[in-house]
Amino acid sequence: MTQPTEGMRKVMAAAAVGDDVFQDDPTVRKLEDMAAEMAGKADALFVPSGTMSNLVALLSHCQRGEEYIVGQGYHTYWYEAGGAPVLGSIVPQPIMAELDGTLDLAKVEAVIKKDDYHFARTKLLCLENTHNGKVIPLDYMQKAYDFAKSKGLSVHLDGARAFNAITELGCDLKDLTQYADSVSICLSKGLGAPVGSVLCADKEIIKWARRWRKMVGGGMRQSGVLAAAGIYALENHVDRLAFDHANAKVLAKRLQEFPKLSVNMDLVQTNMLFVKTDLETAEKLTDFLKQHDIIILPGETMRWVMHLDVSSSDVKFVAQKVQEFFA
Ligand SMILES: *Cc1c(COP(=O)(O)O)cnc(C)c1O
């Protein structure tokens, strides 16, 4: 929902560009180096979307007939149109995530297949942090990573919102991404770039990911214009994520005052809140708010997301409009 800022548009307009399909775009290269360095990985690849980033990562880790274990509600299983099985003949093995967003490692262990020609070959564990705005702690990440390694599995982290996670964890990106062999990070969510994600990993994975990116049509030409927005976002929009998290808590508390709405405060950990009500109220409220330029994701569980275009006075305005609605 974010709009590129004035500053972001300026650096986009002024970006030095080349042909990135020939790895000849200095601004894309700069973004990739910057992302790799921040994630503590040897290399990185700029891709048009988080979905493509996860897809090329899965395709790089797993061959045809190999399997990835993943949370059922995780993006890499539920929200990517079945890309990995359709395009890669990779077998997903989903399991239900726990309420805190983690995967129970005993449940993971139970679905790891032994080496037997009846079974798909288990190859990869896919994690997600944050998941539905919930922060997965570092000690879990370490445990999951060590567990995966002890089983000979690789780990891919869908870190679309990894910067939201580290904002709450109070650590560097590296401290989180050390527990994954590859990590995908969205520049286009709360960071506010118009498009783009970066996949960070070792050189071998990125070499394969570059080939898959080309194959699925994600090789872009003078994409330095877009990468410039990503660099700007990493330089200017990371520190301010804490404001979004604070805004989410303020709004969640206000919304709790309305008897028809329910918000589980324990789950308000980053920039999202999930607000429950009955479907009829949700639909009417969504329509009402839309008339006032407030866009929320409708449903019995509505999703309200804070980002760089939502100020603290906007939060007050939203609360006031909700009050008007119920009045
Ligand atoms: C948004 C998101 C993605 C996908 O990003 P797109 O750029 O929308 O394709 C992947 N994983 C998670 C957890 C996300 O929130």
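Here the structure is a predicted model, which is why all the values come from computation and not from measurement.

Peer 1: Before we move on, can you summarise the packing of helix α13 (residues 279–291) against helix α14 (residues 312–326) with the specific residues and values?
Peer 2: It is the contact of α13 with α14, at a shortest axis distance of 10 Å, that shows an interaxial angle of 125 degrees. For the element pair α13 / α14, the angle class is oblique. Between α13 and α14 lies a crossing of right-handed hand. Touching Thr281, Lys284, Leu285, Phe288 and Leu289 of α13 are Lys321, Val322, Glu324, Phe325 and Phe326, all from α14.

Peer 1: Run through unusual backbone geometry, naming residues and quoting values.
Peer 2: In this model, Asn129 is joined to Thr130 through a cis peptide bond whose omega is 0 degrees. The topology assignment puts Thr130 in the loop between β4 (121–128) and α7 (138–150). Positive phi, close to 55 degrees, is recorded for Gln23, a residue that is not glycine. Among the secondary structure elements, Gln23 is positioned in the loop between α1 (6–14) and α2 (26–39). The phi dihedral of Asn132 falls on the positive side, at around 50 degrees, and the residue is not glycine. Checked against the element boundaries, Asn132 lands in the loop between β4 and α7.

Peer 1: So what about the packing of aromatic side chains? Which residues, and what values?
Peer 2: Enumeration over the complete set of coordinates arrives at five aromatic pairs. With 5.6 Å between their ring centres and 50 degrees between their planes, Phe288 and Phe325 make a pair best called tilted. In this pair, Phe288 is assigned in helix α13 and Phe325 in helix α14, connecting sequence segments 37 residues apart. Assessed through its relative accessible area of 18%, Phe288 is described here as buried. According to the relative accessible area criterion, Phe325 is partly exposed, its value standing at 22%.

Peer 1: Pulling in residues and values, what's your account of the pairing of strand β2 (residues 66–71)?
Peer 2: Counting buried positions over the six residues of β2 gives six, a clear majority of the element. Along β2, one buried face is formed by Glu66, Tyr68 and Val70 and the opposite face, lined by Glu67, Ile69 and Gly71, is buried too. In this structure, β2 lies alongside β4, joined through five bridges in parallel fashion. Among the inter-strand pairings, Tyr68 is bridged to a residue of β4, identified as Leu124. Bridge analysis of β2 against strand β3 (residues 91–95) gives five bridges, and the strand direction is parallel. For Val70, the partnering residue across the bridge sits in β3 and is Pro94.

What counts, and at which threshold
- Residue numbers here run from 1 along each chain, matching the order of that chain's written sequence.
- Only residues with pLDDT of at least 70 are given local features in this predicted model, and only at 80 or more are side-chain atom pairs given and counted; all residues enter the totals for whole chains, interfaces and linings.
- With hydrogens and water set aside, each side-chain value is computed from the structure's full complement of heavy atoms.
- Whenever a helix is involved, its axis is fitted only over the stretch in contact; in every case the axis is a line through C-alpha atoms, and angles between N-to-C directions fall within 0 to 180 degrees.
- Runs of E in the DSSP output that reach at least two residues are strands. Runs of H or I that reach at least four are helices, and both are numbered from the N terminus.
- Any angle that is under 35 degrees is reported as roughly parallel, and any over 145 degrees as roughly antiparallel; angles of 65 to 115 degrees are reported as roughly perpendicular and all others as oblique.
- Handedness of a crossing is defined here by the sense of rotation of the near helix relative to the far one, left-handed for an anticlockwise turn of less than a right angle and right-handed for a clockwise turn.
- Throughout, a residue-residue contact means that at least one pair of heavy atoms, one from each residue, lies within 4.5 Å.
- To pair, rings of Phe, Tyr and Trp, with the six-membered ring standing in for Trp, must have centres within 6.5 Å; the planes then decide the type, stacked if under 30 degrees apart, edge-to-face if over 60, and tilted in the middle.
- The classification of residues rests on relative accessible area computed with a 1.4 Å probe and restricted to protein chains. Under 20% of the type maximum is buried, over 50% is exposed, and intermediate values are partly exposed.
- In this scheme, strands are said to pair when DSSP sees at least two bridges between them.

Just geometry here; none of it tells us what the structure is for.
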